[in-house]
Amino acid sequence: MGPAPMVTFCGNSARALVTAFSALALAVGAVAVSPSSARADDTITTQDYFSYYKLDQARAKGYTGKGVTIAMIDGPVDTSAPELAGANITVKTPCEYEAAKSTKTHATVVASVLVSKNYGVAPDATLIAYSMPSKGEKLSDKCKQDASGFNATSLANIQMAMNDGAQIISISSSDTNHNVRALKWAITRAMARGVIIVGPMGNDARDENDASYGWWSGTVGVSAIDASGQLASYSSWGQGVVAAGIGGPVKARDYEAGGVKDVQGTSIATPIVAGQIALARSRWPQATPNQILQLVTRSGSNSGGWDQYTGYGALSLDGLLG
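Residues numbered from 1 in each chain as written. Predicted model: local features only at pLDDT ≥ 70, side-chain atom pairs only at ≥ 80, totals over all residues. Heavy atoms only, no water.

(A) Inspection of the packing of helix 7 (residues 266-283) against helix 8 (residues 289-298) at higher detail. The N-to-C vectors of helix 7 and helix 8 enclose an angle of 125°; their axes lie 10 Å apart at closest approach. If you check the angle between helix 7 and helix 8, you find them oblique. At the point where helix 7 passes helix 8, the crossing takes the right-handed sense. Side by side, helix 7 and helix 8 meet where Ile277, Ala280 and Arg281 of the first sit next to Pro289, Ile292 and Val296 of the second. In terms of residue class, the contact of helix 7 with helix 8 is built from 5 nonpolar, no polar and 1 charged. (Axes fitted to C-alpha atoms, helices over the stretch in contact; angles between N-to-C directions. Helix = DSSP H or I, 4+ residues; strand = E, 2+ residues; numbered from the N terminus. Parallel < 35°, antiparallel > 145°, perpendicular 65-115°, else oblique. Left-handed = near helix turned anticlockwise from the far one by under 90°. Contact = heavy atoms within 4.5 Å. Nonpolar A, V, L, I, M, F, W, Y, C, P; charged D, E, K, R; others polar.)

Below, the structure is given as structure tokens:
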């Protein structure tokens, strides 16, 4: 066996959110050039967070996210990856483009954290994976003909996710420009429809509230913690942090170099929190989205208290599902 793989960060935290008349740049993934098929003999069968959150106990009680639809906005997901065998995933690509293989690594691990039958937080949830380009990706001619560039934005994907019936939207990355005012109305629409948007705070170890989805009321900003429950050294924070999740390291299928590597970041913590919210929505199908969010605030490890680093803390499944 070779040396332990280097841990890399998932997601681009170089984002900027300015005034209502400016453009919003958020960190996103992309649709990829197809690499060689994943090999079943190097299947990732477990992740460390699985035992941390006692997900085996949740599954034993039948809490698997069944009946809940999660939208994931990221790069291209390799649905043929062994880790995703049996998962209920639909991939949608509103804007065709070419992308670096690294974006496929990122999106596939995020999807696996959500719905892998081996170690996904919500393995029986329905996942709709929306692929969108990062800055600098080569767009197709058809995509370029979209004069507004709307189809290449996370704003477009948020709107499509709501139209497709998503109950939770997990956004781990993005990098396209769109009008802040338009995004405001998309998030307002999500709140009115009871769709919960979950997004990362960034990986720059500083207050990045104004550059994250956590900046908006009604969203769930997520910071990253390590296995000891402490804020991860790389995690950004801010007033929009609602919950914290394990940020890794997690094992990811590497579509650049082949094999498996370790990755970490708030973009890993985000699907962990989104998956837990999916479990709560499945457990309490009659609850309103606001009641689910109240459960989130009461189920954190900070005992009902809040701080700008971990929000209400790491979520307790006993608190969410008990």
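(B) Examining the packing of helix 3 (residues 101-115) against helix 7 more closely. Interaxial distance between helix 3 and helix 7 falls to 8 Å at its minimum, and their mutual angle equals 30°. Between helix 3 and helix 7, the angle is such that the two are roughly parallel. Where helix 3 crosses over helix 7, the handedness of that crossing is right-handed. On helix 7, the residues that touch His106, Val109, Val110, Val113 and Leu114 of helix 3 are Ser267, Ile268, Pro271, Ile272, Ala274 and Gly275. Among the residues making up the contact of helix 3 with helix 7, the classes are represented as 8 nonpolar, 3 polar and no charged.

(C) Just the sheet that holds strand 4 (residues 69-74), in detail. Strand order in this open sheet of 7 strands is 5-7-4-9-11-12-13, and the pairing throughout is parallel. The sheet terminates laterally at strand 5 (88-92) and strand 13 (241-246), the two strands that pair on one side only. Averaged over all neighbouring strand pairs, the angle between strand axes comes to 25°, with direction disregarded. Strand direction decides the pairing type here: strand 12 (residues 219-225) and strand 13, joined by 5 bridges, are parallel. (Pairing = 2+ DSSP bridges.)

(D) The arrangement of the packing of aromatic side chains in detail. Applying the stated criterion across every chain yields a total of 3 aromatic pairs. Ring centres of tryptophan 237 and tyrosine 309 lie 5.1 Å apart, and the angle between their planes is 55°; this geometry places the pair in the tilted category. With tryptophan 237 in the loop between strand 12 and strand 13 and tyrosine 309 in the loop between helix 8 and helix 9 (317-321), this residue pair connects regions lying 72 residues apart in the sequence. Judged by its relative accessible area of 18%, tryptophan 237 is buried. Cation over ring: lysine 184 sits above tryptophan 185, and NZ or CZ is 5.5 Å from the ring centre. (Phe/Tyr/Trp six-rings, centres within 6.5 Å; stacked < 30°, edge-to-face > 60°. Buried < 20%, exposed > 50% of the residue type's maximum accessible area, 1.4 Å probe, protein only. Lys NZ or Arg CZ within 6 Å of the ring centre and 35° of its normal.)

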